[in-house]
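Chains, contacts and geometry: an overview
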Amino acid sequence: MARAFQQRPAARAHGDRAPPYSLQAWLGDTPGARTLPDWRHIEVVHNAANRAPDLDERMQAQLTWGPVDALICVSPELDRFKTCAYAVRYLKAKSVIALIHRGDAISPNSWFLDMENDQAEIPVHLLALVPHVVTSANHTLKGSRPLDWAMMVAPYTSPQPCKSKDCMTGFVVQGSLRHRSDGGGPGFIRDYDSLWRQMQSEGADLVRTKILGKGIKKDLGIPKALEDRVDYYSGIPFPEYWELIDKSYALVPFHGTPQYYTMRCSSTVLASLTTCVPLIADDQLLEAYYMFKKEHVYYQAPGESEMDVMKRVMALPEKELLAKRAAVCKLRDEQLKWGAGVMEELVASGARRKRARWDARRALE
């Protein structure tokens, strides 16, 4: 399998930290990864015209360990530089798995679907992270392509795992500070205004929050009365990122756009599986991400606010808090086992499809 390639603008927007925020170092510590020789980080630094000069030459020099049975291209629907196509060429990939993040950003004319015809008829499989992304992509593709789904995360193991209530402080709202793009009005894709209102409500004075993501703190508009109860982190290394989540009571989605339930996957949901820290989840989230059941989350019943649940969670006995984490870990293991089976079948079916094409071609000769 081949790795993904990260794009970033030339200017650093988050202090002196640059991508990939220690991601490669963290993944290199996961079981088995130390022995893999195929780790590369290729920065795609684009200029004002959004062009990536010499990308072909740079990737050719780096991608030397092929051929590979399958190349996994992460979010190719968002890759305007078509880095996946270069990787296919130089790694001599036998098949491609396109891991789709946003179902609304794919179409029958998406460039990576043409690789089946342009690059020696390499099979291209579409794989979504969650079921509703399949539904969304099927709509934009008009049912022209088969899609599978599998939730996949790299499990985080803390060097000092949280095994007691004493190590849990606050709640996490995570994700980049991006503005809405669904036509639903101004604001961020997470509803920070609602968070501030709830933190200023009666009886919420003991609740702390950690805001994790990329952006500028002043854009959040944190009320002065809450500044001592809100911790903000931007562009921090991934081990530290997951550690801050691990030492929290729960992740709170505060989704400010319905797109997370209809056409894209929530990184907060993935963060829960990565760390085994439970989500605060209402019926809408449980319906969209139906692999999660009430046993895996802190349930937000109709009529309850997130703050109602946060206060209830803080009052839970240690045994219940740890049991909920264990349930999320079990769910993660089940999802990863399922996902591995899906991936293996896609690779095998790609080999069968290519073999059938060659047999048909030879029969015509």
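The structure contained in this document is the topic of the report that follows. Note that this is a predicted model, so its numbers are computed, not measured.

Moving on, we get to the nonpolar core. Counting 78 residues, the largest nonpolar core has F112, M115, L126, M151, I245, Y289 and F292 as its most contacted members. Here this core takes six residues from helix α3 (residues 83-91), the largest share from any one element. In terms of domain composition, this core takes at least three residues from each of domain 1 (56-149) and domain 2 (171-325). Residues within four places of M115 in sequence aside, it is in contact with C84, A85, V88, V96, E121, I122 and V124. Counting 30 residues, the second-largest nonpolar core is a separate cluster that includes L220, Y232, M310 and L316.

Time to look at the sheet that holds strand β10 (residues 250-251). Read across the open sheet, the four strands follow the order β9-β8-β7-β10; overall the sheet is parallel. Bordering the open sheet on either side are β9 (230-233) and β10, each of which pairs with just one other strand. As paired elements, strand β8 (residues 209-212) and β9 share four bridges and run parallel to each other. Bridging from a neighbouring strand, I211 pairs with Y232 of β9. Set on the sheet, helix α6 (residues 192-199) makes contact with β7 (171-174), β8 and β9; between it and β8 the angle comes to about 165 degrees.

This part takes up the packing of aromatic side chains. Aromatic rings considered in pairs are described by the distance between their centres and by the relative angle of their planes. For the structure on display, the rule yields eight aromatic pairs. Judged by centre distance (5.4 Å) and plane angle (25 degrees), the ring pair of F171 and Y249 falls under stacked. Of this pair, F171 sits in strand β7 while Y249 sits in the loop between α7 (238-246) and β10, and the two are 78 residues apart along the sequence. The same class applies to F171 as to Y249, namely buried. Aromatic pair Y241 and W242: ring centres 5.2 Å apart, planes at 85 degrees, arrangement edge-to-face.

Here we come to the state of the cysteines. Per the counting criterion, the structure on display carries three disulfides. A sulfur-sulfur distance of 1.6 Å marks the disulfide that ties C162 to C167. Looking along the S-S bond of the C162-C167 disulfide, the torsion reads about 100 degrees, which is the right-handed sense. Disulfide partner of C276: C329, at an S-S distance of 2.1 Å. Taking the sign of the S-S torsion, about 120 degrees here, the bridge from C276 to C329 comes out right-handed. Here the residue C276 occupies a position in the loop between α9 (267-275) and β11 (280-281), and C329 occupies one in helix α12 (residues 318-364), the gap between them amounting to 53 residues. Taking relative accessible area as the criterion, C276 reaches 4% and is therefore assigned buried. By relative accessible area, C329 is classed as partly exposed at 27%. For the protein chain, the disulfide bridges join cysteines in the arrangement 1-2, 3-4, 5-6, where the cysteines are counted in sequence order.

If you trace the four strands from one edge of the open sheet to the other, you get β3-β4-β5-β6, paired in parallel fashion. Both outer strands of the open sheet, β3 (71-74) and β6 (147-149), are each paired with one neighbouring strand and no more. Within the sheet, the average angular offset between the axes of one strand and its neighbour, ignoring direction, is 30 degrees. Sheet topology note: the strand β5 (residues 124-128)/β6 ladder contains three bridges and is parallel. Counted as the bridge partner of L126 is L147 from β6. Those strands touched by α3 are β3 and β4 (96-100), and its axis lies near 170 degrees from that of β3. Strands β4, β5 and β6 of the sheet are contacted by helix α5 (residues 131-141), whose axis makes an angle of about 165 degrees with β6.

Residue pairs three or four apart in sequence face the same way in an α-helix, which turns once every 3.6 residues. When we look at burial in helix α11 (residues 306-314), the residues that qualify are E306, M307, V309, M310 and V313. Taken down its axis, α11 places every buried residue within 160 degrees of arc, on the same side.

Conventions we followed
- Residues numbered from 1 in each chain as written.
- Predicted model: local features only at pLDDT ≥ 70, side-chain atom pairs only at ≥ 80, totals over all residues.
- Heavy atoms only, no water.
- Core = buried A, V, L, I, M, F, W, Y, C linked by side-chain atoms within 4.5 Å.
- Buried < 20%, exposed > 50% of the residue type's maximum accessible area, 1.4 Å probe, protein only.
- Helix = DSSP H or I, 4+ residues; strand = E, 2+ residues; numbered from the N terminus.
- Domains from an automatic or database assignment.
- Contact = heavy atoms within 4.5 Å.
- Pairing = 2+ DSSP bridges.
- Axes fitted to C-alpha atoms, helices over the stretch in contact; angles between N-to-C directions.
- Phe/Tyr/Trp six-rings, centres within 6.5 Å; stacked < 30°, edge-to-face > 60°.
- Disulfide = S-S within 2.5 Å.
- Arc of directions from axis to C-beta.

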